[in-house]
Amino acid sequence: MAYFDAASAAPLHPVARQALLASLDEGWADPARLYREGRRARVLLDAAREAAAEAVGCRPDELIFTSSGTRAVHTGIAGALAGRRRVGRHLIVSAVEHSSVLHSAEPLEAAGGTVTQIPVDRTGRVDPAAYGDALRADTALACLQSANHEVGTEQPVAEVAEACRAAGVPLLVDAAQSLGWGPVEGDWSLLTASAHKWGGPAGVGLLVVRKGVRFAPQGPVDERESGRAAGFENIPAIVAAAASLRAVRAEAAEEALRLRELTERIRVRVPRAVPDVEVVGDPVRRLPGVVTFSCLYVDGEVLLHELDREGFSVSSGSSCTSSTLTPSHVLRAMGVLSEGNVRVSLPVGVAEEDVERFLEVLPGTVAAVREKLGAPVASEVARAEDELVVDSLGKRCPIPVIELAKVIGDVPVGGLVRVLADDEAARLDIPAWCEMRGHEYVGEEPADRGSMYVVRRVT
């Protein structure tokens, strides 16, 4: 089985396994106690904190360990907002942040605060100037991921941090996807990360709060982790997380070159081998091991199951793989095709042979899924002189786009096809189809049920 979902959780690094097993015998006691076993545990905890701080590029007393990366984000945002509540209640985030960041903004809005979402371009990258323009006198905090978790695009953290620093606003960076590859550049104020993204054990997060940043921990006070993370420290897991971070960093430069070559191989060869594919994300400023593409006329859930049958574990941001029937917020913000979406995120040490086998298997798998969907069932099509109306109400992606593709040739050049659909993905996928196939997306019209998407035949 080829595991290609390292952006969700990387396999446990061998160094992490060794450190975890070794510290189970030495790090089980309470590090707050003064007896011998407690002192041993404290030595391990302090050493892990120093190693992690060195990798991040901060002081050891600026770094705490949390129970997860999500908990680090929630704690960091809540504490920073509370610490600067006298300044104001305005939060800035990008439209493609991890859900933990976006969820952290919800309590602020519910309490009467305001949140500004910075849009991204079609590659998923923010414009640093947009952050500068969004800063206000009442801005308490800005957040920006170092690299996107779905498409791999790296963000201009240093430029955004500079704008925030000039305005006196702290910047929190979610570095979950990038920290294993190197420290985050720029004059940021807070940073979060998650150990299972770089090959450490799950259940360990990092939160860094720079000295001088106003921070007020929320919730019941706890004496552990500088009062910022409640609960008994999982010292064996923390030791394993710090040891694996140091180990992957030592391998990062050489492994990044290898993974970039493999992902570039996928980026180039998939569109050649599979018709009607859009490769998304920034082609250059991206994480080494992540490549994402979307396939027209493909049900994402079926495609993932078929790839699993062929021995490949991949993930997707397609609405077809979710119970909400809506595309991922990342793909939606980018305005790219969402149907048949596949994210390949290669783990450290992945075999080149597995990548080659994936490239051999993918074209046939996609073709089989498309064939399984078959020609669209005859829709209720009403013919006008130069216009067709396709009724796709109640049909999930990618059927509305398939039906559009089947009938676009039945109108003359300049003629219109109106697609009636109530699947939220159609709002994203029909314009994306038009861009890929060279037709004009005229716009969206209201309808009694769903929406009417208007397309003009160009070629």
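Residues numbered from 1 in each chain as written. Predicted model: local features only at pLDDT ≥ 70, side-chain atom pairs only at ≥ 80, totals over all residues. Heavy atoms only, no water.

**Some remarks on the overall build of the protein chain**
Tallying secondary structure elements over the protein chain gives twelve helices and 17 strands in all. Taken over C-alpha atoms, the radius of gyration comes to 24 Å for the protein chain, in line with the 23 Å a tight globule of 459 residues would show. Each principal axis of the C-alpha atoms in the protein chain carries an extent, and together these give about 85 × 55 × 35 Å. Burial statistics for the protein chain: of 459 residues in total, 54% are counted as buried. Expressed as a percentage of contacts within the protein chain between residues at least 6 apart in sequence, the contacts between residues at least 24 apart total 71%. (Helix = DSSP H or I, 4+ residues; strand = E, 2+ residues; numbered from the N terminus. Rg over C-alpha atoms; globule rule 2.2 N^0.38 Å. Buried < 20%, exposed > 50% of the residue type's maximum accessible area, 1.4 Å probe, protein only. Contact = heavy atoms within 4.5 Å.)

**Digging into the packing of aromatic side chains**
In total, this model carries three aromatic pairs according to the counting rule given. When the centroid spacing of 5.7 Å and the interplanar angle of 40° are considered together, the rings of Phe4 and Phe312 count as tilted. Taken as a pair, Phe4 in the loop between β1 (2-3) and α1 (14-26) and Phe312 in strand β11 (residues 312-313) lie far apart in primary sequence, 308 residues in all. The residues Phe4 and Phe312 share a single accessibility class, namely buried. (Phe/Tyr/Trp six-rings, centres within 6.5 Å; stacked < 30°, edge-to-face > 60°.)

**Focus on the packing of helix α8 (residues 300-309) against helix α10 (residues 352-373)**
Direction vectors running N to C along α8 and α10 enclose 135°, while the axes themselves pass 10 Å from each other. Between α8 and α10, the angle falls in the class oblique. Relative to α10, the crossing made by α8 is right-handed. Here α8 contributes Val302, Leu303, Glu306 and Leu307 to the contact with α10, which in turn contributes Phe358, Leu362, Thr365, Val366, Val369 and Lys372. (Axes fitted to C-alpha atoms, helices over the stretch in contact; angles between N-to-C directions. Parallel < 35°, antiparallel > 145°, perpendicular 65-115°, else oblique. Left-handed = near helix turned anticlockwise from the far one by under 90°.)

**Remarks on the pairing of strand β10 (residues 290-295)**
Every other side chain in a regular strand lies on the same face of the sheet, so the side chains alternate between the two faces. Across the six residues of β10, six count as buried, placing the element largely inside the fold. Side chains of β10 alternate between two faces, with Val290, Thr292 and Ser294 and Val291, Phe293 and Cys295 buried alike. Direction of pairing for strand β9 (residues 277-280) relative to β10: antiparallel, over a ladder of four bridges. By the bridge assignment for β10, Val277 is matched with Cys295. (Pairing = 2+ DSSP bridges.)

**Details of the nonpolar core**
Ranked by size, the top nonpolar core spans 57 residues in total, and within it Val56, Leu63, Phe65, Leu171 and Trp198 carry the most contacts. When residues in this core are grouped by element, the largest group, nine residues, is from helix α7 (residues 235-273). Beyond its immediate sequence surroundings of up to four residues, Trp198 is in contact with Ala10, Leu179, Gly180, Ala193, Leu206, Ala241, Ser244, Leu245 and Val248. In this structure, Leu259, Val277, Phe293 and Val355 belong to the second largest nonpolar core, which totals 28 residues. (Core = buried A, V, L, I, M, F, W, Y, C linked by side-chain atoms within 4.5 Å.)

**So, the UniProt feature "domain: UPF0033" (unreviewed entry) in the protein chain**
What UniProt calls "domain: UPF0033" (unreviewed entry) maps, in this numbering, to residues 390-414. End-to-end, the C-alpha atoms of residues 390-414 are 17 Å apart, and along that stretch the chain is 36% helix and 8% strand. (UniProt positions renumbered as here; feature names shortened; annotations may be inferred.)

**Points about the environment of Pro156**
Here Pro156 is to be found in the loop between β5 (139-145) and α6 (157-167). Taking C-alpha positions, Pro156 is 7.6 Å from Ser146, a pair spaced ten residues apart along the chain. Among all residues touching Pro156, those that are not within four sequence positions of it are Arg125, Val126, Pro128 and Leu144.

**Considerations on the sheet that holds strand β2 (residues 63-66)**
Spatially, β2-β8-β7-β6-β5-β3-β4 is the arrangement adopted by the seven strands of the open sheet, whose pairing is mixed. Unpaired on one side and paired on the other, β2 and β4 (114-118) mark the two borders of the sheet. Pairs of neighbouring strands in the sheet enclose a mean axial angle of 20°, with direction left out of account. Here helix α2 (residues 36-56) sits on the sheet in contact with β2, β7 (190-194) and β8 (205-209), set at roughly 110° to β2.

**A few points about the pattern of salt bridges**
If you walk through the whole model with that rule in mind, you get 28 salt bridges. Here Asp5 ties to Arg343 by a salt bridge, and the two come within 2.8 Å at their closest N and O atoms. Of this pair, Asp5 sits in the loop between β1 and α1 while Arg343 sits in strand β12 (residues 341-345), placing them 338 residues apart in sequence. The partner of Glu352 in a salt bridge is Arg265, and the shortest N-O contact between them spans 3.0 Å. With Glu352 in helix α10 and Arg265 in helix α7, this residue pair connects regions lying 87 residues apart in the sequence. (Salt bridge = Lys/Arg side-chain N within 4 Å of Asp/Glu carboxyl O.)

**Points about the environment of Asp354**
Secondary-structure assignment places Asp354 in helix α10. For Asp354, a relative accessible area of 25% puts it in the partly exposed group. C-alpha separation for the pair Asp354 and Pro60, spaced 294 residues apart in sequence, amounts to 40 Å. With residues up to four places along the chain from it excluded, the contact list for Asp354 reads Ala2, Phe4 and Phe312.

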